[in-house]
2 protein chains.
Amino acid sequence: MTGQQLWERYQRHLCTCPRTGIQLDISRMPFPDDYFARMAEPIGKACCAMDALEGGALANADEGRQVGHYWLRDPSRAPSPEFAADISETLSQVKTFAGDVHSRKVRPAGAEGFENVLVVGIGGSALGPQLLADALGSSADRMRVSLLDNTDPDGIDRTLADLGEALRHTLTLVISKSGGTKETRNGMVEVAHTYRNLGLDFARHAIAVTGRDSALHRRSREENWLAMFPMWDWVGGRTSVTSAVGMLPAALQGIDVDAFLAGARDMDATTRQHDVPSNPAALMALMWHHATEGRGSKDLVILPYKDRLALLARYLQQLVMESLGKEVDLRGNVVRQGLTVYGNKGSTDQHAYVQQLREGVHNFFVTFVEVLRDRPGTSVPVEPGVTSGDYLHGFLLGTREALFEKGRASMTITLPELNAGTLGALIALYERTVGLYASLIDVNAYHQPGVEAGKKAAERVIDLQRRICETLPYDRPQTATEVAAAIDAPDEVETVFKVLEHLAANPDRGVLRTSGGEPLQARYHRSEQRSGG
Amino acid sequence: MTGQQLWERYQRHLCTCPRTGIQLDISRMPFPDDYFARMAEPIGKACCAMDALEGGALANADEGRQVGHYWLRDPSRAPSPEFAADISETLSQVKTFAGDVHSRKVRPAGAEGFENVLVVGIGGSALGPQLLADALGSSADRMRVSLLDNTDPDGIDRTLADLGEALRHTLTLVISKSGGTKETRNGMVEVAHTYRNLGLDFARHAIAVTGRDSALHRRSREENWLAMFPMWDWVGGRTSVTSAVGMLPAALQGIDVDAFLAGARDMDATTRQHDVPSNPAALMALMWHHATEGRGSKDLVILPYKDRLALLARYLQQLVMESLGKEVDLRGNVVRQGLTVYGNKGSTDQHAYVQQLREGVHNFFVTFVEVLRDRPGTSVPVEPGVTSGDYLHGFLLGTREALFEKGRASMTITLPELNAGTLGALIALYERTVGLYASLIDVNAYHQPGVEAGKKAAERVIDLQRRICETLPYDRPQTATEVAAAIDAPDEVETVFKVLEHLAANPDRGVLRTSGGEPLQARYHRSEQRSGG
């Protein structure tokens, strides 16, 4: 194609969103001319399914649940006045509470006011807050946000050591929709212990964001925590960023949550349209379908040229892969669907894996994210007439071109600038794209049945460990095989071995290892002292 | 397979490294019994090629260069006494310099001593320092490390605003092997400008790590920077972490660089062996080959269950994808090779994309990284007898099992604990694996010819922009098409449009946009004021 033909293709397919000014360029995706005509019926059906979902259908059929994240930015669209009121009141309470913290009406016992926020959550209860904090935060933030998103003891130690005495003026937000997520429960227990060690009352620093009447809600009530904000079973974790899950930490940090919600609402209005050429979510869903033959045959590389969007790919990794990575379709056929997402940021990644993208395995397509505004202030020249931002922009265009030359497909999303509104819109764009694409490939985008298996297998390991610890003798060192036999789990000897190795590596756990010549011949016994029990 | 059979397979294939205690478990990779026999000849050849490389062969044939990162941890193996002396002296100078900074023998003009390190680098000059700083840092560090790894103006602003007045006692390390990387040059210019704005002499805060007689070296000499440490053309950026690139920031931070190098050296000794069952790099290379049919047909998911290793996957993404992602093999055949790497950390990622791994597209294999030691101190129970670390470990084993049940392959690397030595060994393990695997698939792992294309295309964009800025009239607003014609680049109208949109979005650039009805009908002209020029 000549430059002139490319320019015509660019103009023909460019989709510009009203209000947000966000643009989607699909001209460098190699779909044929008749593609939209061929796909008119399935994408039309997908748009209708989305209408039904927004209208309150049980779109998450397996779990018998409605799917209501779009209502969060426009409560008037909620299917009942009760839902609408609940959404509006919760948002209002979030903003009031954040205001009370900022004005020091709400404050800790021994300090002037709260200055830090510690979010304890994982998955959908962490990625949204984390993305917003990083993408929109600055040294002018009202509060500094940190995060515990795992059950790694050393990671917990490090985060708490970084906070140190600042825990005295730190609000801890425990976020768990079910209220029973083990990683979050463990983080909470460790954090509460650390507050107590500083002589502080954890409850007077603690806030729950959770489903009504969950275990976490009950605990927060019994212990008289500072506040509780509700999650609803019609909002999935990975689409909860516009609920209190995302809005509470953001409001505390000082982010303009109204602008964020307005951006999402504007994008919702744009992506609600059935007219495909003016609906960027429909266009993206069709591009995903074309690029991956509707079966995830290529990975989606997300390359935002903006440091603040370095976590976007990780956020989308969850949104996309947990929504689309399904074994069976809606009719029960085994389909093993999905769409793999990875990426970090440009131009940094040009010095990492773009070598492979240009020359190597052709197993991907790219979405560039371009932000036109470079910085709030003025730029110094790095060469006469040229700024750092010109280079950043030039590297994006250059890499787009270098990939195109080699037949590698890419889309480009353009944001006029990065702010709360455009970030809200960008997230809403992807939420809708995932929903429409799920319809095209006929899977339920709103459950995650595969996550349970790993949790249950982990519970079996924990149970095995309990039995090992009860049974392991003090005096006669035993091999893993002997221990497995003693707890009547001879078939689980490999897991028993792994558990014993883990316990023995931690001196406070009271399991001693007597090494034989070979590592696998090691014997284990209990010592007298023992913590964690 | 029964649990007993799995245990036998586990024991039969477990590879335990002497000294470091690192283990590799390949028992959950579905290679057939005769696989090692079938692959004996190619892996034997790969080991011989590695011997030649370590002996000083021109292993990077396309660039006519030796490949010497293994010498960096054992200078006695360098092919000449000059190289050996240069390596040893540079390391010694790195440690002396760091000591002088810590003892405040080297200090800034207006402050007691240097307290911060700012690394300016990208790709191989940033990922190693970044991984080490995050994986081995603590609140007890001698100096706090921050990083500029891009040419994003807003990202630069944010990093420098975080430092603020602390720039007065900040050492800036400008790291660029070629000395001409634009992102790094731009970061350096912006940083120097900020020092000057604070009334500080950048040169008295600046250190170069670069090739001898590079543009950066010359500049550092002319401006009388604090110090310069050499890079060598026989060390590639992505394997430069054991050179001054990684060791200087690490030593300044207070990391035990000798332990790190010793760990790498110990692993080198283990992975130098031709005996496959006791060489974990040879085993891993064979597993990659089996899992991806020797052509990158599956992605490699890296899942370390340890917060401190959250950047490992990003580090390996560069090491693996830039090394293996090649269009042609050593004989010039078009092969489009590679191995896609992504990942973050467990159990966090179980709440992100593990849904897809278990149920969805079967386009990956996993490497778990297990760290046996949970934390330095003792653990509180989160349930009777159970700690956070037990859960972390249980989730690893549970997910390994849940994936195995569904026929998804995984390997597990076990570290007794995470410290400078085991991290050095882990990196060395992957360096060797990449080298051996490159031999198996017959590609040059040590060049990156595809990276140039994007840079050149970017230079063309910058050049186009210069011509636009020279030509754009003050009075008569022009469309992109008219501007492209005026600079005699009618075929580049799409790029001209993108450049104009970028300039117009930044008020300090002196380009005004008059919007027509349609975005694509916009017209542009120059205003009087203009910065960046």
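Residues numbered from 1 in each chain as written. Chains lettered and ligands numbered in written order. Predicted model: local features only at pLDDT ≥ 70, side-chain atom pairs only at ≥ 80, totals over all residues. Heavy atoms only, no water.

What about the overall build of chain A?
Stage number 1. Looking only at helices and strands, one finds 18 helices and 14 strands in chain A.
Stage number 2. Overall size of chain A, expressed as C-alpha extent along the three principal axes, is 85 × 60 × 55 Å.
Stage number 3. Sorting the 533 residues of chain A into buried and exposed places 65% on the buried side.
Stage number 4. Counting only contacts in chain A whose residues sit at least 6 apart along the sequence, the fraction spanning at least 24 positions is 70%.
Stage number 5. Counting every atom, chain A has about 17,800 Å² of accessible surface; 48% of that belongs to carbon and sulfur. (Helix = DSSP H or I, 4+ residues; strand = E, 2+ residues; numbered from the N terminus. Buried < 20%, exposed > 50% of the residue type's maximum accessible area, 1.4 Å probe, protein only. Contact = heavy atoms within 4.5 Å. Areas by Shrake-Rupley, 256 points an atom, 1.4 Å probe, with all protein chains shown as cover.)

Quick word on the interface of chain B and chain A
Frequently, the measure chosen for interface size is the accessible area removed from exposure when the parts meet.
Stage number 1. Across the boundary between the two partners, chain B contributes 148 residues, which contact 148 residues of chain A.
Stage number 2. Summed over both partners, the interface of chain B with chain A buries about 12,800 Å², with 52% contributed by carbon and sulfur atoms.
Stage number 3. Taken together, chain B and chain A are joined by 30 salt bridges.
Stage number 4. In this structure, the salt-bridge partner of Arg375(A) is Asp157(B), at a minimum N-O distance of 2.9 Å.
Stage number 5. Counting every contact that joins chain B to chain A gives 86 residue pairs in polar contact (both at pLDDT 80 or more). (Buried area = accessible area lost by both parts, 1.4 Å probe. Salt bridge = Lys/Arg side-chain N within 4 Å of Asp/Glu carboxyl O. Polar contact = N/O pair within 3.5 Å; in protein donor to acceptor, adjacent residues only side chain to side chain.)

Notes on the sheet that holds strand S4 (residues 144-148) of chain A
Residues and elements named next belong to chain A.
Stage number 1. What the five strands build is an open sheet, ordered S4-S3-S5-S6-S7; its pairing is parallel. A strand with exactly one partner marks an edge of an open sheet, and here the two such strands are S4 and strand S7 (227-231). With direction set aside, neighbouring strand axes in the sheet form an average angle of 20 degrees.
Stage number 2. With five bridges connecting them, strand S5 (residues 170-176) and strand S6 (residues 206-211) associate as parallel partners. By the bridge assignment for S6, Ser176 is matched with Thr210.
Stage number 3. The strands that helix H9 (residues 244-253) touches are strand S3 (116-120), S4, S5, S6 and S7; relative to S5, the one it contacts most, it runs at about 165 degrees. (Pairing = 2+ DSSP bridges. Axes fitted to C-alpha atoms, helices over the stretch in contact; angles between N-to-C directions.)

Points about the relation of the copies chain B and chain A
Stage number 1. Laying chain B over chain A is done by rotating through 180 degrees and shifting 0.0 Å along the axis; what remains is an RMSD of 0.0 Å. A rotation of that kind, with that shift, is consistent with a two-fold axis. Judged by C-alpha distance, Tyr342(B) is the residue of chain B that lies nearest the rotation axis, at 3.2 Å.
Stage number 2. Residue by residue, 100% of the interface of chain B is reproduced at the interface of chain A, so both copies engage with the same surface. (Least-squares fit on C-alpha atoms with pLDDT ≥ 70 in both.)

Concerning the domain arrangement of chain A
Stage number 1. You can read the domains of chain A as domain 1 (69-255) and domain 2 (452-526).
Stage number 2. The C-alpha-based centres of domain 1 of chain A and domain 2 of chain A are spaced at 37 Å. (Domains from an automatic or database assignment.)

A closer look at the packing of helix H11 (residues 280-291) of chain B against helix H15 (residues 420-441) of chain B
Residues and elements named next belong to chain B.
Stage number 1. Running from amino to carboxyl end, H11 crosses H15 at an angle of 50 degrees, the nearest separation of the two axes being 8 Å. In terms of their interaxial angle, H11 and H15 are classed as oblique. Pair H11 / H15 crosses with right-handed handedness. In this structure, H11 contributes Pro280, Ala281, Ala282, Met284, Ala285, Leu286, Trp288 and His289 to the contact, and H15 contributes Leu429, Tyr430, Arg432, Thr433, Val434, Leu436, Tyr437, Leu440 and Ile441.
Stage number 2. Partitioning the contact of H11 with H15 into residue classes produces 14 nonpolar, two polar and one charged. (Parallel < 35°, antiparallel > 145°, perpendicular 65-115°, else oblique. Left-handed = near helix turned anticlockwise from the far one by under 90°. Nonpolar A, V, L, I, M, F, W, Y, C, P; charged D, E, K, R; others polar.)

Things to note about the sheet that holds strand S11 (residues 410-415) of chain B
Residue and element names in this part refer to chain B.
Stage number 1. On the basis of which strands lie adjacent, the open sheet formed by six strands has the order S1-S2-S11-S10-S8-S9 and mixed pairing. The sheet terminates laterally at strand S1 (15-16) and strand S9 (341-342), the two strands that pair on one side only.
Stage number 2. Across six bridges, the pairing between strand S8 (residues 299-304) and strand S10 (residues 364-371) is parallel. For Pro304, the partnering residue across the bridge sits in S10 and is Val369.

Observations regarding the pairing of strand S6 (residues 206-211) of chain B
Residue and element names in this part refer to chain B.
Stage number 1. Of all six residues in S6, six are buried; the element is thus mostly enclosed.
Stage number 2. Taking the sense of rotation as the criterion, the β-α-β connection linking strand S5 (residues 170-176), helix H7 (residues 182-197) and S6 turns out right-handed.
Stage number 3. In this view, the connection linking S6 to its parallel neighbour strand S7 (residues 227-231) by way of helix H8 (residues 215-222) has right-handed handedness. (Right-handed = clockwise from strand over helix to strand, strands pointing away.)

A word on unusual backbone geometry
Residues and elements named next belong to chain A.
Stage number 1. Each neighbour pair has its own omega, and for Gly346 with Ser347 the value is 0 degrees, a cis peptide bond.
Stage number 2. When you line up the elements, Ser347 lands in the loop between strand S9 (341-342) and helix H13 (354-359).
Stage number 3. We note that Arg19 has phi near 70 degrees; this positive angle belongs to a residue other than glycine.
Stage number 4. Relative to the helices and strands, Arg19 resides in the loop between strand S1 (15-16) and strand S2 (23-25).
Stage number 5. Residue class for Arg19 comes out exposed when judged on its relative accessible area of 73%.

Details of the side chain of Gln478(A)
Residue and element names in this part refer to chain A.
Stage number 1. By the element assignment, Gln478 lies in strand S12 (residues 478-479).
Stage number 2. By relative accessible area, which is 13% here, Gln478 ends up buried.
Stage number 3. The contacts of Gln478, once residues within four sequence positions are left out, are Leu472, Pro473, Val483, Ala522, Arg523 and Tyr524.

What about the nonpolar core?
Stage number 1. Residues Phe97(B), Leu132(B), Leu252(B), Trp288(B) and Leu324(B) are the most contacted members of the largest nonpolar core, which totals 102 residues.
Stage number 2. Residue contributions to this core peak at 14 residues, all from H15(B).
Stage number 3. Beyond its immediate sequence surroundings of up to four residues, Trp288(B) is in contact with Leu300(B), Val320(B), Leu324(B), Leu339(B), Phe365(B), Met411(B), Tyr430(B), Thr433(B), Val434(B) and Tyr437(B).
Stage number 4. In terms of nonpolar packing, the next biggest core, distinct from the first, is built from 100 residues, Leu132(A), Val257(A), Ala285(A) and Leu415(A) among them. (Core = buried A, V, L, I, M, F, W, Y, C linked by side-chain atoms within 4.5 Å.)

Let's talk about the packing of helix H16 (residues 450-471) of chain A against helix H18 (residues 493-504) of chain A
For any two helices packed against each other, one specifies the crossing angle of their axes together with the interaxial distance.
Residues and elements named next belong to chain A.
Stage number 1. Viewed as axis vectors pointing N to C, H16 and H18 meet at an angle of 70 degrees, and their least axial separation amounts to 10 Å. Accordingly, the angle class assigned to the pair H16 and H18 is roughly perpendicular. Both H16 and H18 take part in a crossing whose hand is right-handed. For the pair H16 and H18, contact is made by Val461, Leu464, Gln465, Ile468 and Cys469 and by Thr495, Val496, Val499, Leu500 and Leu503, respectively.
Stage number 2. Here the contact of H16 with H18 is composed, by residue class, of eight nonpolar, two polar and no charged.

Structural notes on the pattern of salt bridges
Stage number 1. As enumerated under the stated definition, the model contains 90 salt bridges over all chains in all.
Stage number 2. Residue Glu401(A) pairs with Arg28(A) through a salt bridge whose shortest N-O separation is 3.2 Å. Taken together, the residues span a long stretch of sequence, with Glu401(A) in helix H14 (residues 388-405) and Arg28(A) in the loop between S2 and helix H2 (35-38) at a distance of 373 residues.
Stage number 3. Exposure remark for Glu401(A): the relative accessible area of 23% places this residue in the partly exposed category.
Stage number 4. Take Arg28(A): its relative accessible area is 5%, and that puts it in the buried class.
Stage number 5. For Glu494(A), the salt bridge goes to Arg28(B), with nearest N and O atoms at 3.2 Å. You can see Glu494(A) sitting in helix H18 and its partner Arg28(B) sitting in the loop between strand S2 (23-25) and helix H2 (35-38), one on each of two chains.
Stage number 6. Taken together, the salt bridges that share partners define one network made up of Glu54(A), Arg73(A), Asp268(A), Arg272(A), Glu431(A) and Arg432(A).

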